[in-house]
Every structure is written in structure tokens, then in C-alpha cells.
Amino acid sequence: VQANLIGEDIKLEQRLFKPRMGTLIAPQTIAQEALFYNDKEEKQIELLAKTLEENRLQIVFNNLKQASMKPGLNILLMGGPGTGKTATVRNLARQTNRSILMVSIDKIQSKWVGDSEKNLKRVFDEYRTLCKSSEQTPILLFNEADAILGRRIEVTRSVDQMNNALQNILLQE
């Protein structure tokens, strides 16, 4: 695995992976950052870091498969702007040697009917390609996902229908 600077391509298994729907961040390019949590959050982050160790993560995935569920781990970090949500993910990626495919919601949303849904599906297709090419399961990070995550609403406009469709795709994936 050959990694370059943030936002540049990463060569995986002799293939060049260049995401179109997000930015690929190699763990080696992430600077150590001191973050401070309260006791409860600190314990949760430590548990998450242990779970992200590849051998433990594979156990979680296998247990989910045995229970006829899709293997995966979804984490929702919440807090106001500047509280360290993205920094926490970056530190976890660095600590567990995982790449991040970081997607900004504005890359997904389109003014053209049906394109937002196609774009979101492309994100997951790119992530699956990255997973196949990576030694460790990478992190898929939706930055500012609150723009599409929320309550489903009664459809009165086409934009309402698009938001509901995006939520359906997220839930299915």
C-alpha cells in the first residue's frame, strides 16, 4: 500500500483508486491531535477504538453474518460545530491504521432529479471497491450528514421526496 498526501490518490494492490464522490485520507497522513473528552465520552471512544482493531472488528462482522445481518458498524457522532466529531474519527483512523473515505453531503446533493440518489449509490459503490482493495476495512465518513439524516417528512415537494429517498438508500446500505 502506497499512500500520498491527503486528497491524493492511494495505490492499492497495484491499482490506482481515485474516488469521485469523496476524499481519500490515508492514516499515515493524519497528524496526532490532542482531544479532550469527559469521562463518559472517553470510555465510549476507548471501546470504539478497541472494537476497530481489525481482529475484533472481524469478530463483530462474523457475528452479524451469523445472525443474518449485514456486516458493518455504524457510528453517529453528535454535537455542535467544532466539538471534535471529525477530529475524533481522524484520530481513530490514525490509531487503528485505517483509511477514511470522507464524503461531504454537498457532493451528493444535486439540483437534477434523481442525481442525488445516484450519487449516494456511487459513494457506496466506491466504498465497496475501496474495501476490496484495502488490507483493513476503511472508514466511510459522511461529514455534515445531518443535512440528510433526520425525520422522514410528508412529501409535498420534489425535494422532500429526494430527501426521503436518500434516507432510504442510507438505511439500506
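No experiment lies behind these values; they were computed from the predicted model shown.

Criteria and cut-off values
Residues numbered from 1 in each chain as written. Predicted model: local features only at pLDDT ≥ 70, side-chain atom pairs only at ≥ 80, totals over all residues. Heavy atoms only, no water. Core = buried A, V, L, I, M, F, W, Y, C linked by side-chain atoms within 4.5 Å. Buried < 20%, exposed > 50% of the residue type's maximum accessible area, 1.4 Å probe, protein only. Helix = DSSP H or I, 4+ residues; strand = E, 2+ residues; numbered from the N terminus. Contact = heavy atoms within 4.5 Å. Pairing = 2+ DSSP bridges. Axes fitted to C-alpha atoms, helices over the stretch in contact; angles between N-to-C directions. 1 Å grid on protein atoms, 1.4 Å probe; cavity = no way out; pocket = protein on both sides within 12 Å on 5 of 7 lines; lining within 4 Å. Points joined across faces, edges and corners; volume = space filled by probe spheres on them. Nonpolar A, V, L, I, M, F, W, Y, C, P; charged D, E, K, R; others polar. Phe/Tyr/Trp six-rings, centres within 6.5 Å; stacked < 30°, edge-to-face > 60°. Salt bridge = Lys/Arg side-chain N within 4 Å of Asp/Glu carboxyl O.

A. Representation of the nonpolar core in the model. By size, the foremost hydrophobic cluster in this structure holds 16 residues, and its most contacted members are V103, I108, L120, V123 and F142. Among the secondary structure elements, those contributing two or more residues to this core are strand 4 (100-104), helix 4 (105-108), helix 5 (115-133) and helix 6 (158-172). The element that contributes the greatest number of residues to this core is helix 5, accounting for five residues. Once residues within four sequence positions are removed from consideration, L120 is found in contact with I108, F142, L166, I169 and L170. Counting residues in each nonpolar core, the second largest holds eight residues, with I25, I30, A93 and I139 among its members.

B. Region of the structure containing unusual backbone geometry. Residue S68 is not a glycine yet carries a positive backbone phi of 60°. Its place among the elements puts S68 in the loop between helix 2 (54-66) and helix 3 (85-96).

C. Main features of the environment of Y127. Among the structural elements, Y127 can be located in helix 5. The class of Y127 is buried, set by a relative accessible area of 16%. It is 7.2 Å that separates the C-alpha atoms of Y127 and L101, two residues lying 26 residues apart in sequence. Contact partners of Y127, with chain neighbours within four places excluded, come to L101, T137, P138, I139 and L140.

D. Spatial organisation of the sheet that holds strand 5 (residues 139-143). What the three strands build is an open sheet, ordered 3-4-5; its pairing is mixed. Because the sheet does not close on itself, it has two edges, and the strands there are strand 3 (23-25) and strand 5. Taken over all neighbouring pairs, the strand axes of this sheet differ in orientation by 25° on average, direction set aside. Where strand 4 meets strand 5, five bridges bridge the pair, whose relative direction is parallel. Across the sheet, L101 pairs through a bridge with L140, a residue of strand 5. The sheet contacts of helix 3 involve strand 3, strand 4 and strand 5, and relative to strand 5 the element is tilted by about 170°. Packing of helix 5 onto the sheet brings it into contact with strand 3, strand 4 and strand 5, and relative to strand 5 it is tilted by some 155°.

E. Examining the layout of surface pockets more closely. The calculated volume of the second largest pocket comes to roughly 320 Å³. As for the second largest pocket, its lining consists of 14 residues, of which Y37, E41, L77, M78 and T83 are closest to the centre. Mapped onto the lining of the second largest pocket, the elements with two or more residues apiece are helix 1 (39-51) and helix 3. Among the residues making up the lining of the second largest pocket, the classes are represented as seven nonpolar, five polar and two charged.

F. Looking closely at the side chain of S134. For S134, the position within the fold is in the loop between helix 5 and strand 5. S134 gets classed as buried once you look at its relative accessible area, which sits at 17%.

G. Just the packing of aromatic side chains, in detail. Within the structure shown, the criterion is met by one aromatic pair. A ring pair is formed by F124 and F142, whose centres lie 5.8 Å apart and whose planes are at 45°; its orientation type is tilted. Pair noted here: F124 is in helix 5 and F142 is in strand 5, with a separation of 18 residues, a long-range link. For the pair F124 and F142, one class covers both residues: buried.

H. Region of interest: the pattern of salt bridges. Evaluated as defined, the whole model comprises three salt bridges. Here R56 ties to E53 by a salt bridge, and the two come within 3.8 Å at their closest N and O atoms. Taking relative accessible area as the criterion, E53 reaches 36% and is therefore assigned partly exposed.

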